[in-house]
Amino acid sequence: MTLRFEDILAWQKAYDFVLLTYKALSAYPEEEKYGLRSQFQRAAVSIPANIAEGYKRIGKADKLHFLNFAQGSLEECRCYLHLSKDLGYIEEDTYRQLYISLEEASKLLNGYCRGIINNAFEK
């Protein structure tokens, strides 16, 4: 039983991913300020934000709607992560660290969604 969205493990891991992402994005070239860097930041922040917003929704369908937005943003970040590595904006070690963090968030978010679908979670 959670009392706050901050208690949700999926939110915690997604938030950790955002912090790692912001740190990595600070090294991107200036010309990406309004391009890939901006897109990546917005998508990363959207993951924990949508988990938080979905947490307070009353109906199961409404909760899952926001969690699905979070899942979409997570996959968007996965694309940006590959692109960032292939463009040489991040080193292999940074890529691996971000990828592992993203995978942890993804697995927990998927499990949280399954739990809601199966009525395993009550506020």
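Just above sits the structure.
Report on the accompanying structure. Quick caveat, the model's predicted, so the values are computed rather than measured. (Residues numbered from 1 in each chain as written. Predicted model: local features only at pLDDT ≥ 70, side-chain atom pairs only at ≥ 80, totals over all residues. Heavy atoms only, no water.)

1. Focus: the overall build of the protein chain
Scanning the protein chain for helices and strands turns up 4 helices and 0 strands. Tracing the protein chain from N to C terminus, the helices and strands come up as α-α-α-α. Relative to the compact-globule value of 14 Å for 123 residues, the protein chain shows a C-alpha radius of gyration of 15 Å, a close match. Along the three orthogonal principal directions, the C-alpha set of the protein chain runs to about 45 × 25 × 20 Å. The long-range fraction of contacts in the protein chain, counting pairs at least 24 apart against all pairs at least 6 apart in sequence, stands at 70%. Summing over all exposed atoms, the protein chain offers an accessible surface of approximately 7100 Å²; the carbon and sulfur share of this is 55%. (Helix = DSSP H or I, 4+ residues; strand = E, 2+ residues; numbered from the N terminus. Rg over C-alpha atoms; globule rule 2.2 N^0.38 Å. Contact = heavy atoms within 4.5 Å. Areas by Shrake-Rupley, 256 points an atom, 1.4 Å probe, with all protein chains shown as cover.)

2. Focus on helix 2 (residues 36-55)
Here helix 2 contains 20 residues, and its C-alpha end-to-end distance of 29 Å stays within 8% of the 28 Å for a straight helix at 1.5 Å per residue. The largest bend in helix 2 is about 30 degrees, located at Ile47, with the proline Pro48 one to four residues further on. Within helix 2, 14 of the 20 residues are buried, leaving the element largely enclosed by the surrounding structure. (Expected span 1.5 Å × (residues − 1). Bend = angle between axes of the 7 residues up to and from the residue. Buried < 20%, exposed > 50% of the residue type's maximum accessible area, 1.4 Å probe, protein only.)

3. Let's talk about the packing of helix 1 (residues 9-25) against helix 4 (residues 92-117)
It is the contact of helix 1 with helix 4, at a shortest axis distance of 8 Å, that shows an interaxial angle of 160 degrees. Our classification of the angle between helix 1 and helix 4 gives roughly antiparallel. Note on packing geometry: the crossing formed by helix 1 with helix 4 is left-handed. Residues Leu9, Ala10, Lys13, Ala14, Asp16, Phe17, Leu20, Thr21 and Ala24 of helix 1 lie in contact with helix 4, whose contacting residues are Thr94, Gln97, Leu98, Ser101, Leu102, Glu104, Ala105, Leu108 and Leu109. For the contact of helix 1 with helix 4, a count of residues per class yields 11 nonpolar, 4 polar and 3 charged. (Axes fitted to C-alpha atoms, helices over the stretch in contact; angles between N-to-C directions. Parallel < 35°, antiparallel > 145°, perpendicular 65-115°, else oblique. Left-handed = near helix turned anticlockwise from the far one by under 90°. Nonpolar A, V, L, I, M, F, W, Y, C, P; charged D, E, K, R; others polar.)

4. Quick word on the side chain of Ser84
Locating Ser84 in the fold gives a position in helix 3 (residues 60-86). Each residue touching Ser84, except ones within four places of it in the same chain, is listed here: Tyr28, Leu36, Phe40, Tyr89 and Ile90.

5. Looking at the packing of helix 1 against helix 2
Packing of helix 1 against helix 2 leaves a shortest axis separation of 9 Å and a crossing angle of 165 degrees. Looking at the two axes, helix 1 sits roughly antiparallel to helix 2. Note on packing geometry: the crossing formed by helix 1 with helix 2 is left-handed. Residue-level contacts link Ala10, Trp11, Ala14, Tyr15, Phe17, Val18, Thr21, Tyr22 and Leu25 of helix 1 to Arg37, Phe40, Gln41, Ala44, Val45, Ile47, Pro48, Ile51 and Ala52 of helix 2. For the contact of helix 1 with helix 2, a count of residues per class yields 15 nonpolar, 2 polar and 1 charged.

6. Comments concerning the nonpolar core
Core analysis: the biggest nonpolar cluster contains 32 residues, and Phe17, Phe40, Ile47, Ile51, Cys77 and Leu109 have the highest contact counts within it. Of all the secondary structure elements, the ones that give two or more residues to this core are helix 1, helix 2, helix 3 and helix 4. (Core = buried A, V, L, I, M, F, W, Y, C linked by side-chain atoms within 4.5 Å.)

None of this, on its own, says anything about what the molecule does.
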